[in-house]
Amino acid sequence: MKRRDFFVQSLAGAAAHGALKPGEARAAAAPPKTTVALVKTTDRAFGVKEVLRLVGPPSPKGKAVVIKPNFNTQDPPPGSTHNDTLRQIVMEMKGLGAKSVAVGERSGPPQTKKVMEDKGIPALAQELGFEIENFEDLGPDGWKHFNPPGSHWQNGFDIPKLMADAEYLVSTCCLKTHGFGGVFTMSLKLSVGATPKSLMRELHGARTTHMRRMIAELNLGYTPQLIVMDGVEVFTDGGPGTGKKAEAGVFVGGTDRVAVDAVGLAVLKHLGSNDAIMNTRIFAQEQIQRAAELGIGVDGPDKIELVASDAAGREYADKIRAILKQG
């Protein structure tokens with residue numbers, strides 16, 4: 001039996017190992033150490049390029065690439081993914097030999113089509129030659145159902161087959177707080193835009209109980225090969241669409257969602273954020289804690305290797321590293 005094949009831990013915390021059946025959630029065992037790139041820049045094209053160079057993710061050559069952005073609303077960054085960031089990721093994937101590129105999203109509460117149009121995504125798609133996949137328009141056959149043991153979802157959850165079965169998936173998220181129960185919204189919470197709107201009542205209804213754990217569990221339905229987080233501008237309070245804005249001037253990237261979000265939380269702590277961020281240790285945040293329990297990513301700051309490309313980046317990385325260690 002391969003080490004990566006296991007059943008999700010039960011609510012009691014026990015794990016039963018075994019081969020997974022089709023449609024069951026799968027999470028890779030957390031690696032002993034993972035690289036996270038920290039690029040100090042306000043140039044989004046450069047930030048994307050440097051993340052790729054420093055992380056060295058698997059090659060997309062000959063593969064159908066799916067990009068999952070943060071288009072929850074059409075609010076300007078960091079309320080949504082900056083078009084310059086998306087543009088550069090598409091260009092990099094094509095330059096590295098991707099067979100095709102598709103951008104998939106489910107916005108909410110606004111209609112996805114309207115959000116895409118307001119952001120100019122159809123025009124960008126025509127210019128760069130990528131497909132748009134509106135998850136809000138998917139029929140029953142477009143979704144894959146997951147109901148892992150120990151899940152806090154009443155009857156499991158659905159993920160678009162395009163993401164669940166993707167040959168190569170890129171998650172590109174913003175760096176910000178979340179004022180409606182999530183606490184923060186980075187790479188792990190990007191998963192909420194990969195579920196049907198019909199599940200939002202259940203998720204929002206669990207705001208004071210299991211909401212953060214449920215967010216983490218959604219990540220069992222897919223695995224990105226690359227995560228690119230745009231932290232040029234961030235929300236230190238409020239969010240997800242609007243909030244207290246600050247300039248961090250940083251790009252964060254990696255292949256481990258927990259590690260990337262942990263670094264993002266350290267950036268917020270460095271800037272000074274709300275009580276939910278400042279008064280909770282990074283690996284005690286429920287999204288982080290649950291995702292680590294499930295093997296979605298690393299389980300502590302000692303498993304994260306920060307890398308930077310220049311003196312300014314290395315100086316900044318030293319500060320973030322110290323915050324990570326403190327929690």
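Student: So what about the overall build of the protein? Which residues, and what values?
Tutor: Counting its regular elements, the protein contains 11 helices and 11 strands. In terms of overall dimensions, the protein is globule-like: its C-alpha atoms have a radius of gyration of 18 Å, near the 20 Å expected for 327 residues. For the protein, buried positions account for 56% of its 327 residues. When contacts within the protein are restricted to residue pairs at least 6 apart in sequence, long-range pairs at least 24 apart make up 73% of them.

Student: Any chance you could break down unusual backbone geometry for me, citing the residues and the numbers?
Tutor: What is expected of a backbone is that most residues other than glycine have negative phi and most peptide bonds are trans. In the segment running from Gly108 into Pro109, the intervening peptide bond is cis, with an omega of 5°. Looking at the secondary structure, you find Pro109 in the loop between β3 (100-105) and α3 (112-119). Gly239 connects to Pro240 through a cis peptide bond whose omega is 10°. With respect to the helices and strands, the residue Pro240 is situated in the loop between β9 (226-238) and β10 (243-254). One non-glycine residue, Val183, adopts positive backbone phi at about 75°. In this structure, Val183 sits in strand β8 (residues 183-185).

Student: Describe the confidence of the model for the protein, and please don't skip the residues or the numbers.
Tutor: Per-residue confidence for the protein gives a mean pLDDT of 92; residues scoring 70 or more make up 91%. Low pLDDT (under 50) marks residues 1-22, which in the prediction has 43 contacts with non-local residues, meaning those over four places away or in another chain.

Student: Which residues make up the pattern of salt bridges, and what are the values?
Tutor: Under the definition given, this model contains 16 salt bridges. Its salt-bridge partner being Arg53, residue Glu50 comes within 2.9 Å of it at the nearest N-O pair. Note that Glu50 and Arg53 are positioned in helix α1 (residues 44-55) at a spacing of 3 residues, about one turn of the helix. Three or more residues joined by partner-sharing salt bridges are found here, namely Arg44, Asp230, Glu233 and Lys245.

Student: Which residues make up the side chain of Glu50, and what are the values?
Tutor: Using a relative accessible area of 9% as the deciding quantity, one classes Glu50 as buried. For Glu50, the side chain forms a polar contact with the side chain of Ser309, separated by 2.8 Å.

Student: Before we move on, could you go through the nonpolar core and cite the residues and values that matter?
Tutor: Considering soluble globular proteins, one finds that nonpolar side chains tend to be buried as a cluster. Formed by 41 residues in total, the largest nonpolar core has its most connected members in Leu38, Val263, Ile304, Ile320 and Leu324. If one sorts the elements of this core by residue count, helix α8 (residues 257-271) sits on top with 9 residues.

Student: Got a sec to walk through the side chain of Asp256? Specific residues and values, please.
Tutor: Tracing the chain through its elements places Asp256 in the loop between β10 and α8. Summary of buried charges: Asp256 has no salt-bridge partner, and the nearest side chain of opposite charge, Arg257, is 6.8 Å away. Polar side-chain contacts of Asp256 include one of 3.1 Å to the backbone nitrogen of Val298.

Student: An account of the packing of α8 against helix α10 (residues 286-293) is needed here, citing residue identities and associated values.
Tutor: One can describe the packing of α8 onto α10 by two numbers: an axis separation of 10 Å at closest approach and a directional angle of 160°. The pairing of α8 with α10 is recorded here as roughly antiparallel in orientation. Here α8 runs over α10; the crossing is left-handed. Of α10, the residues touching α8 (which contributes Val258, Asp261, Ala262 and Leu265) are Ile288, Ala291 and Ala292. Looking at the contact of α8 with α10, its residues break down into 6 nonpolar, no polar and 1 charged.

Student: Provide a residue-level description of the pairing of strand β2 (residues 64-68), including the pertinent values.
Tutor: β2 sits mainly inside the fold: 4 of its 5 residues count as buried. In terms of strand pairing, β2 meets β3 through 4 bridges, oriented parallel. Along β3, the bridge assignment pairs Val66 with Ala102. After leaving β2, the chain enters helix α2 (residues 83-95) and then returns to the sheet as β3, a path that is right-handed. Judged from the 4 bridges that link them, β2 and strand β7 (residues 168-178) form a sheet pairing that is parallel. Pairing of Val66 across the sheet is with Leu169, part of β7.

Reading guide: rules and limits
Residues numbered from 1 in each chain as written. Predicted model: local features only at pLDDT ≥ 70, side-chain atom pairs only at ≥ 80, totals over all residues. Heavy atoms only, no water. Helix = DSSP H or I, 4+ residues; strand = E, 2+ residues; numbered from the N terminus. Rg over C-alpha atoms; globule rule 2.2 N^0.38 Å. Buried < 20%, exposed > 50% of the residue type's maximum accessible area, 1.4 Å probe, protein only. Contact = heavy atoms within 4.5 Å. pLDDT = per-residue confidence, 0-100. Salt bridge = Lys/Arg side-chain N within 4 Å of Asp/Glu carboxyl O. Polar contact = N/O pair within 3.5 Å; in protein donor to acceptor, adjacent residues only side chain to side chain. Core = buried A, V, L, I, M, F, W, Y, C linked by side-chain atoms within 4.5 Å. Lys, Arg positive; Asp, Glu negative; His and termini not counted. Axes fitted to C-alpha atoms, helices over the stretch in contact; angles between N-to-C directions. Parallel < 35°, antiparallel > 145°, perpendicular 65-115°, else oblique. Left-handed = near helix turned anticlockwise from the far one by under 90°. Nonpolar A, V, L, I, M, F, W, Y, C, P; charged D, E, K, R; others polar. Pairing = 2+ DSSP bridges. Right-handed = clockwise from strand over helix to strand, strands pointing away.

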